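Structural characterization, general
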Amino acid sequence: MTNFAFGLGIGTKSASGEWLEVYYNAPLLNASAELIKAVASAVGYTGGNQTLEVEQSQLKALEAAFLSVDAEDQAEIVEVLEGSRQPLVLCILETDAEPATTAEVYLKLSLLSHRLVKPHGLNLAGMFGKLPNVAWTTEGAIALDELPKRQLAARAQGRVLDVHCVDKFPKMTNYVVPAGIRVGDAARIRLGAHVGEGTTVMHEGFINFNAGTLGVSMVEGRISAGVVVGNGSDLGGGCSTMGTLSGGNNVVISVGENCLLGANAGLGLPLGDRCTIEAGLYLTGSSKVALLDDQNNEVAVLKASELAGKPDMLFRRNSLTGRIEAKTNKSAIELNAELHKHN
């Protein structure tokens, strides 16, 4: 048997039996054929992409199956789950097909946040239709039609049921905290974000799903859905990147390595390595840019999209004429080295 992704999870269901969310402690990518075969005999998996609800009565057989193929980490998860009253699920994906269930979506989002897959490395087509809108509270995920009664019951017991947010996505840190990161406000990083080792996300920083950083970065701005930031690049306070969902169309907006987006800057095109966008400048593919030589003489006027992916560029706005200018960037590496000295 072949396998693309595998996860033993514990989740939350609504009163009507709808899955609201699933937590995967240690999802696997490309699990061995031996592991899948052993698990299949324990839970009745017959191949393909399947979401199987696991009964407590099956856990002993599942634990033995994991131990038979030396998957001790998965066996330890089973041991912890024994006796749980929460519903258990086993999600096995033979292929990276469009997700068909809520459990499949959560498995794929978890693969991203566990850094097992980089952004754009998974088929997430149709995922929004598989994710219910949920009230995320101090008592976990609650279906919206059940929330009023739960709030009333809490008040009757002298408690306040605190609703953190109402969203299809939970915050990443309730599912995984990747090694080597610092986060100012965990609520601003959604599950499905890929946060590279060495990244610091300040309190106003934001990272959406299927997006994030690949290495060391200082994030004080917004990384929208689908945007990938290269190693050594920094996003200044209040800056924004244009995701596919917010107007980037089919162009994948990205930031190369050792780049700097200044405070309140904006990016709407792929940026090459060692580039800088000055504070307050919003650069889109259709922006008209005057290309300058080293003596600040105009060489050409072109659309910014023609400079997409070009390395070593400095983009700035002329304070006298208001036009956008671009020239060779000589300071990016030195700037970012100083910023990361104490990261």
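In what follows, the structure referred to is the one given above.
Read on for an overview of the structure. Every value quoted in this text rests on a predicted model; they were computed, and no experiment measured them.

Turning our attention to the packing of aromatic side chains. Here the structure, examined in full by the defined rule, presents six aromatic pairs. Here the aromatic rings of Tyr 23 and Tyr 175 are separated by 6.1 Å at their centres, their planes lie at 50°, and the arrangement is tilted. Pair noted here: Tyr 23 is in strand 2 (residues 19-24) and Tyr 175 is in the loop between strand 8 (163-167) and strand 9 (182-183), with a separation of 152 residues, a long-range link. For Tyr 23, a relative accessible area of 26% translates into the label partly exposed. Since its relative accessible area comes to 8%, Tyr 175 is described here as buried. Taken together through their ring pairs, the aromatic side chains of Tyr 23, Tyr 106 and Tyr 175 make up a single cluster.

Approximately 420 Å³ is the volume found for the largest pocket. For the largest pocket, the lining is made up of 21 residues, of which Trp 136, Pro 170, Lys 171, Asn 174 and Tyr 175 are closest to its centre. Those elements giving two or more residues to the lining of the largest pocket turn out to be strand 1 (5-13), strand 2, strand 6 (134-137), strand 7 (140-143) and strand 8. Class assignment of the residues belonging to the lining of the largest pocket gives a composition of ten nonpolar, seven polar and four charged.

Following the sequence through the fold, Glu 21 ends up in strand 2. Within the structure, Glu 21 has its side chain in polar contact with the side chain of Thr 12 (distance 2.5 Å). A polar contact is formed between the side chain of Glu 21 and the side chain of Tyr 175, at a distance of 2.7 Å. What Glu 21 contacts, discounting residues up to four positions off in sequence, is Gly 11, Thr 12, Tyr 106, Trp 136, Ala 141 and Tyr 175.

Further remarks concern the pattern of salt bridges. Within the structure shown, the criterion is met by ten salt bridges. When the shortest N-O distance is used, the salt bridge between Lys 108 and Asp 96 registers 2.6 Å. Highlighted residues: Lys 108 in helix 4 (residues 102-113) and Asp 96 in the loop between strand 5 (88-93) and helix 4, separated in sequence by twelve residues. For Lys 108, a relative accessible area of 0% translates into the label buried.

Moving on to the sheet that holds strand 8. Strand order in the open sheet formed by three strands is 7-6-8, with antiparallel pairing between adjacent strands. Two strands lie at the open edges of the sheet, namely strand 7 and strand 8, each paired on one side alone. Taken pair by pair, the neighbouring strands of this sheet meet at an average axis angle of 25°, ignoring direction. Of the strand pairs in this sheet, strand 6 and strand 7 are connected by four bridges, and their pairing is antiparallel. Across the sheet, Ala 135 pairs through a bridge with Ile 142, a residue of strand 7. Each of strand 6, strand 7 and strand 8 is contacted by helix 5 (residues 147-156), which is oriented at about 125° to strand 7, the strand it contacts most.

Thresholds, definitions, all that
Residues numbered from 1 in each chain as written. Predicted model: local features only at pLDDT ≥ 70, side-chain atom pairs only at ≥ 80, totals over all residues. Heavy atoms only, no water. Phe/Tyr/Trp six-rings, centres within 6.5 Å; stacked < 30°, edge-to-face > 60°. Helix = DSSP H or I, 4+ residues; strand = E, 2+ residues; numbered from the N terminus. Buried < 20%, exposed > 50% of the residue type's maximum accessible area, 1.4 Å probe, protein only. 1 Å grid on protein atoms, 1.4 Å probe; cavity = no way out; pocket = protein on both sides within 12 Å on 5 of 7 lines; lining within 4 Å. Points joined across faces, edges and corners; volume = space filled by probe spheres on them. Nonpolar A, V, L, I, M, F, W, Y, C, P; charged D, E, K, R; others polar. Polar contact = N/O pair within 3.5 Å; in protein donor to acceptor, adjacent residues only side chain to side chain. Contact = heavy atoms within 4.5 Å. Salt bridge = Lys/Arg side-chain N within 4 Å of Asp/Glu carboxyl O. Pairing = 2+ DSSP bridges. Axes fitted to C-alpha atoms, helices over the stretch in contact; angles between N-to-C directions.

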